[in-house]
Amino acid sequence: MSDVLLEVKGLKIEATAYPPGEAPHNITIVEDVSFTVDKGKVLGLIGESGAGKSTIGLSAMAYGRGGVRITGGTVMVNGRDVLQAGPAGLRSLRGREVTYVAQSAAAAFNPAKKLMEQVIEATLHHKLMSREEAEARAIALFARLGLPNPEKIGNRYPHQVSGGQLQRVMTAMALCPKPDLVVFDEPTTALDVTTQIEVLAAIKEAIVDTGVAALYITHDLAVVAQVADHIMVLRGGKMVEYGTTDHIINTPTQAYTQELVSVRSINHKEKIGGAPVLSVKGITARYRGTKFDVLKDVTVDLPEAQTLAIVGESGSGKSTLARVITGLLPPKSGEIIFNGRTLAPDFNARSRDDLREVQMIYQMADVAMNPRQTVGTIIGRPLEFYFGLRGDAKKQRIQELLDEIEMGEGFIDRYPAELSGGQKQRVCIARALAAKPKMIICDEVTSALDPLVADGILKLLLNLQKIENVAYLFITHDLATVRAIADSIAVMYQGRVVRYGSKTEVLSPPFDDYTDLLLSSVPEMQLGWLERTIATRKMDAAGN
Amino acid sequence: MRIPLPAAIGLFFTGLYFFMAIFAGWIAPYGMAEIVGDRWEPWSWAHPLGTDSIGRDLLSRMIWGGQTTIFVATMGTILSFSMGSILGFVAAVKGGWVDQFLSRMIDLMMSIPSLISALVVLSVMPVTLPVLIVVMGVLDATRVFRLSRAVAVDITVMDYVEAARLRGERQMWIIFREILPNALSPLIAEMGLRFIFMVLFISTLSFLGLGVQPPMADWGGIVKENREAIVYGIPAALVPAFAISSLAISVNLVADWVLNRTTSLKGGRG
């Protein structure tokens, strides 16, 4: 008996596209992809969105999402071609030999059922164990995955545990029927960086302990380097490079892989000093109808034409700070001094120039642009509104702005739905620039983008800062981004600024406990980083 | 662009009824209240649909009646839509006590069946076409308010609306340029539906004698005038009934198709 568990040969996957106003046509999502996974080994599938990695992962269960058809190749699991298996054969495959861990555990659990019911459901359905045995195994898995109260946690409902815990419960669900292969589809992507590392460590330990084989799908090469034995790099549905983890990380041969490995290596020399364009003084704020201060006595300065990065995990109050500065949430106490003037707490009371000089770029470019307006209208409106530009003058300025964001001609009449993710974010940048602001608040502007696209946006922002002399208040949870762009950094934790200073000051030891946790949680592109970090950290992430 | 068969049928009949309503003066063979024969004459070449209870040509009555029914229903729909959607958008954009006040007022109005409130108002007011249109429009605006507020509440929390607010845009711009285009497809589908309810509403009122007053013709009134003939096996009352139902069905078919098309447009909302 050979050790090959999963063998995929010449896989081809197609779907039918229905573009509005055109005839439906076939598109190829995955073409000629072949790989093998041995028993107990982990293969990492990596690529940006649209690379076909999830589609390939699901094909190991002979499953295609709505409208997706597997049209060529073979998928052998335990020596059996699952693409030829009938409905009964597939039922015995799924949930028994191959199981699945989805990206968003919160969306994948049934909110009306207790966790234990859902964890042992597949095991009972396939009559692999009695209910008592299955529950005992689930509890053992909960303990092994480091969940608190392993005996009791199964009695909770999905909303009663945190996101990181839910993701681990889902891993337990996948491991419970003793499968041969588990497909992990971006299991840590939706988690905070400090939570991600613990879930990652738990998953890795569980894989090693149970000897199960796995397909690990992610867009983050640094993450996959920690868990995988082999890595396959995908782009546009085709294989780019396939080899051992060591080979891909340390000696990649393809240009695309090299780019992925060296992503976020922008070198930005920090600027120090300068008169502040924005001073936030002693801001305390809470949302209406609550009795909890989301921001507690926050004081930071942002010098002209520099970048202040606000770093923290979700719930730390960093986006609330942006809402206070823009005037969407008037603070309980404290004041905001912008360009020498004190800004009114409520944006309705601010002058048009006050509004113009503080612009905002959002995380989700999709919902930051009116889908019924063209790019020309979106960028043109601030020109018309603040500067009274009309007709040809407006059109010319729009084109200038489009050139500045490196998009060029032919975009004015397009709708947002006709742009790629990176282009959408660029248009949002152009809209902010159109107002000739002194400061732009960037709220997680790169976190919804693929690493290479995000890199392009960061380079563009740095470039524009030089040309337009604009200051950025850069809100992010991603420390790699911070290193690339910031001049000064404020680390926020539970509504307070716990560390604040120039980039070098904040990022050099000695660290306080929280900053240490945050810094050590950012995956690095090295083998064995995960084990080293877990062994040396000072503080556990909150909520786990 | 291919028009699906049901939509084509719907378009044809809707178009036909509207055409006859608009050009009633040229098409109708006789005047609206002209007595041209005996009561309830059978169908013949001179009177294709026979005559009615006092000897007027039924085909002419149908055409003139269609004009009244469709005119009142269209005006009522326009009124209810402009009122309901603007108030609904204002409630959604303003929020707070404005929203509470408007919403509770609308709840109050909706707690009384609209036919009852219409009957009460019309029994004390002079029944003229403008009064009818206003009463029907206001009563129906409650439904439009509910829908447009619900749709707009979803849209007002979008980042692009926030961006427009932070730009300093006026409420009018936010309502008409940011929210309205994105709320249009559910509203258009609702418009077809509300038009049909208007047709049924005016016909009901006329049938009860509180709608369009004789000698003016309208479909509900024609049913009322000829209802006794059914006892004698004369189908005069069925003709306007058929017109009402076929208009309702065809407008619905068109609204369905419009809804299907607009939701799949660029960036369209579901």
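Computed from a predicted structure; not experimentally measured.

Colleague: Requested: an account of the overall build of chain B, with residues and values cited.
Modeller: Along its length, chain B carries ten helices and zero strands. The linear arrangement of helices and strands in chain B, starting from the amino end, is α-α-α-α-α-α-α-α-α-α. With the C-alpha coordinates of chain B rotated into their principal frame, the extents come out at 75 × 50 × 30 Å. A burial count over chain B gives 41% of its 270 residues as buried. A separation threshold of at least 6 residues defines the contact pool for chain B, and within that pool the share at least 24 residues apart is 67%.

Colleague: An account of the pairing of strand 6 (residues 98–101) of chain A is requested, with residue identities and associated values reported.
Modeller: Residue and element names in this part refer to chain A. The alternating pattern of strand 6 places Val98 and Tyr100 and Thr99 and Val101 on opposite faces, both of which are buried. For strand 6 and strand 7 (residues 181–185), the ladder comprises four bridges, and the chain directions are parallel. Counterpart to Thr99 in the pairing with strand 7 is Val182.

Colleague: Run through the interface of chain B and chain A, naming residues and quoting values.
Modeller: On the chain A side, the residues contacting the 14 residues of chain B number 19 residues. Only helix 7 (159–167) and helix 8 (171–207) of chain B provide two or more residues apiece to the side of chain B that touches chain A. The dominant element in the side of chain B that touches chain A, judged by the number of residues it contributes, is helix 7 of chain B, at five residues. A per-class count over the side of chain B that touches chain A returns six nonpolar, four polar and four charged.

Colleague: Give a detailed account of the nonpolar core, specifying residues and quantitative values.
Modeller: Residues and elements named next belong to chain A. Judged by nonpolar contacts, the single largest core of 146 residues is most densely connected at Ile310, Leu473, Phe474 and Val491. In contact with Leu473, other than residues within four places in its own chain, are Leu302, Leu308, Ile310, Met439, Ile441 and Cys442. Counting 83 residues, the second-largest nonpolar core is a separate cluster that includes Ile56, Leu166, Val169 and Ile248.

Colleague: An account of unusual backbone geometry is requested, with residue identities and associated values reported.
Modeller: Cis geometry is found at the peptide bond from Pro509 of chain A to Pro510 of chain A, where omega equals 0°. For the peptide bond that leads from Pro214 of chain B to Pro215 of chain B, omega is 10°, which places it in the cis range. Looking at the secondary structure, you find Pro215 of chain B in the loop between helix 8 and helix 9 (219–226). Backbone geometry places Asp297 of chain A, a non-glycine residue, at a positive phi of 50°.

Colleague: Hey, could you go over the domain arrangement of chain A for me, with residue numbers and the actual values?
Modeller: Residues and elements named next belong to chain A. With domains assigned, chain A is organised as domain 1 (4–261) and domain 2 (276–371 + 426–507). The distance between the C-alpha centroids of domain 1 and domain 2 comes to 36 Å. With eight residues of domain 1 in contact, the opposing surface of domain 2 contributes six residues. At the level of secondary structure, the elements contributing two or more residues to the side of domain 1 that touches domain 2 comprise helix 8 (193–210) and helix 11 (255–261). Of the residues belonging to the side of domain 1 that touches domain 2, the class tally is two nonpolar, three polar and three charged.

Conventions we followed
- Residues numbered from 1 in each chain as written.
- Chains lettered and ligands numbered in written order.
- Predicted model: local features only at pLDDT ≥ 70, side-chain atom pairs only at ≥ 80, totals over all residues.
- Helix = DSSP H or I, 4+ residues; strand = E, 2+ residues; numbered from the N terminus.
- Buried ≥ 20, exposed ≤ 12 C-beta atoms within 10 Å, placed from the backbone.
- Contact = placed C-beta atoms within 7 Å.
- Pairing = 2+ DSSP bridges.
- Nonpolar A, V, L, I, M, F, W, Y, C, P; charged D, E, K, R; others polar.
- Core = buried A, V, L, I, M, F, W, Y, C linked by C-beta atoms within 7 Å.
- Domains from an automatic or database assignment.

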